[in-house]
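Architecture at a glance
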Amino acid sequence: MKRIKINPRAVGIYLIGLFIVYLTGMSMSGVLLFIFYIYLLFPVISLGLLLVSYFRFRYFEHFSTEHPVKGQEVLYKLSLANEAKLTGPFVSVRFKFISPDLSMHLNDIHTSLKGGEISSREYTIKYPYRGIYKVGIEYIRLRDLLNWISLFPEVWFRTFYVYPRIVELQTVFADLQNVIEASGYGQGILLDHTLFKDLKEYRSGLALKHVSWKKFAATGKPFLKNYEKTSWPGVEIYLDLRRERAADHTVLEREDCSVEILVALVKYFLGNNIPTSVHAFNGRERYDYYGTNSSYFAGFYKSTINITFAGRCSPAKVFTSDMQDQLIKAGTIIFITHMLDPEVLELVSASGSSDVAAFAVINQSGIQNAESQKEFLFSDAFLDTSGNIVFVNSIDTIRENLEA
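Thresholds, definitions, all that
- Residues numbered from 1 in each chain as written.
- Predicted model: local features only at pLDDT ≥ 70, side-chain atom pairs only at ≥ 80, totals over all residues.
- Heavy atoms only, no water.
- Helix = DSSP H or I, 4+ residues; strand = E, 2+ residues; numbered from the N terminus.
- Buried < 20%, exposed > 50% of the residue type's maximum accessible area, 1.4 Å probe, protein only.
- Pairing = 2+ DSSP bridges.
- Axes fitted to C-alpha atoms, helices over the stretch in contact; angles between N-to-C directions.
- Contact = heavy atoms within 4.5 Å.
- Phe/Tyr/Trp six-rings, centres within 6.5 Å; stacked < 30°, edge-to-face > 60°.
- Lys NZ or Arg CZ within 6 Å of the ring centre and 35° of its normal.
- Expected span 1.5 Å × (residues − 1).
- Polar contact = N/O pair within 3.5 Å; in protein donor to acceptor, adjacent residues only side chain to side chain.
- 1 Å grid on protein atoms, 1.4 Å probe; cavity = no way out; pocket = protein on both sides within 12 Å on 5 of 7 lines; lining within 4 Å.
- Points joined across faces, edges and corners; volume = space filled by probe spheres on them.
- Nonpolar A, V, L, I, M, F, W, Y, C, P; charged D, E, K, R; others polar.

1. Digging into the overall build of the chain
Secondary structure summary: the chain contains 11 helices and 17 strands in total. Buried positions account for 44% of the 404 residues belonging to the chain.

Structure follows, in structure tokens:
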């Protein structure tokens, strides 16, 4: 922003007035002549007062904490000081306040300062949601008495990173725990071509990439080489980043709930030395993270500030694409979603007949149609996969529901 701004309209009006006074009072004397000179010198006086005030103007900011946490209220105090002995100019303050909740703002200040006066204002700033908050002053404007010139002192604002809560889990829901323990923290799904298993007879539609030519030469029938699965322990988590309407309190709380479910699961897995991969895509940017033990959690936790919800891309599509590109190695898949997504539910219901053990954690705080949910709870799709689906009722029941 420019440090100085001139108001050409106010200057023009003054010059026109000065010219009219001069023409109508060319032979003026006495009091009229004195008034004319005062009118002529007033801009100089106004500018002089502005410059004195500008160099003697100070402002002070204070936050009750430099590291706010989610849900905390922080006291922000701003003091404006005119250290000159003369009455200062008009002062305007516009605040910068950028937060996940765009409805939150701080009102502008418009005031004037007497000589030696300090004016203080206090604001209570809430940090109810995870995200990046930019708080402070966008600009301070000092304006002279004639509104000819505005001067802008240098200002700053603070950036605060508010992270999600960490919910400590002692265990996870039974079906997931059983799969993890039974397969040694999760079986791999990729074939290891160094570990030959057996031969299987070729059937129409199968790829011919691994034909056993020796067996074909001996029998005249095509056989395919079969290999053992790679030993790749761990879990793959897919987070649903869809946002289908503008952010409001319900949407922001729902998204925080999904992220805190993710944080709780990742902390539990890494704390138990279970390799964990996290994947998410919001239609523009992809988020991926991988860790093998508890030492990786701090880096993951800080990275969650960069998880942004947007777009309409189902996590099932991201998973399917990764499978086609052979990016999935672990055999245990967890979807975290705030929707009753048919594509996700289909993957979960099919997991029993495939190499993948798929689970869904459904964040109910994002489901607004209670009747649809009730119908689903009694549907064949749910009854077939009920052990692989867990509902989290709200952001306050994450531990209770995930451990059930």
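2. Remarks on the sheet that holds strand β14 (residues 286-291)
Strand order across the open sheet formed by six strands is β14-β13-β12-β15-β16-β17, with mixed pairing between neighbours. This sheet does not close on itself; its edge strands, each paired only once, are β14 and β17 (389-392). Within this sheet the neighbouring strands show an average axis-to-axis angle of 15 degrees, counted without direction. Pairing of strand β16 (residues 357-363) with β17, which is carried by four bridges, proceeds in the parallel orientation. Residue Val 361 lies in a different strand from β17, and its bridge partner there is Val 390. Strand contacts of helix α7 (residues 315-324): β12 (235-239), β13 (276-281), β14 and β15 (332-337), with the helix running at about 140 degrees to β12, the strand carrying the most contacts.

3. Description of the packing of aromatic side chains
Applying the stated rule across the entire model yields 18 aromatic pairs. On the numbers, 6.2 Å between centres and 80 degrees between planes, the contact of Tyr 76 with Phe 95 is edge-to-face. Residue Tyr 76 is located in strand β3 (residues 73-82), and its partner Phe 95 is located in strand β4 (residues 90-98); the two are separated by 19 residues in the primary sequence. The residues Tyr 76 and Phe 95 share a single accessibility class, namely buried. Judged by centre distance (5.9 Å) and plane angle (80 degrees), the ring pair of Tyr 139 and Phe 152 falls under edge-to-face. Of this pair, Tyr 139 sits in strand β7 (residues 131-143) while Phe 152 sits in the loop between β8 (149-151) and β9 (157-162), and the two are 13 residues apart along the sequence. One cation-aromatic arrangement involves Lys 96 over Phe 157; the distance from NZ or CZ to the ring centre is 4.9 Å. Above the plane of the ring of Phe 297 lies Lys 267, whose end atom (NZ or CZ) is 4.7 Å from the centre.

4. Section: helix α5 (residues 249-271)
Relative to the 33 Å expected for 23 residues at 1.5 Å per residue, α5 spans 32 Å between its end C-alpha atoms, a close match to the ideal helical length. Of all 23 residues that make up α5, 18 are buried, and the element is covered over most of its length. Put simply, Asp 248 is the residue that caps the front of α5, since its side-chain oxygen is 3.1 Å from the backbone nitrogen of Thr 250. At the C-terminal side of α5, Asn 273 shows a positive phi close to 60 degrees.

5. Side note on empty space enclosed by the protein
It is a probe the size of a water molecule, rolled over the atoms, that shows where empty space is left. The final tally for this structure, using the stated rule, is three cavities of 30 Å³ or more. Its boundaries defined by the atoms lining it, the largest cavity holds a volume of some 40 Å³. If you trace the largest cavity, you find it lined by Ser 46, Leu 49, Leu 50, Ser 53, Thr 87, Gly 88, Pro 89, Arg 143, Asp 144 and Leu 145. Residues that form the lining of the largest cavity fall into these classes: four nonpolar, four polar and two charged.

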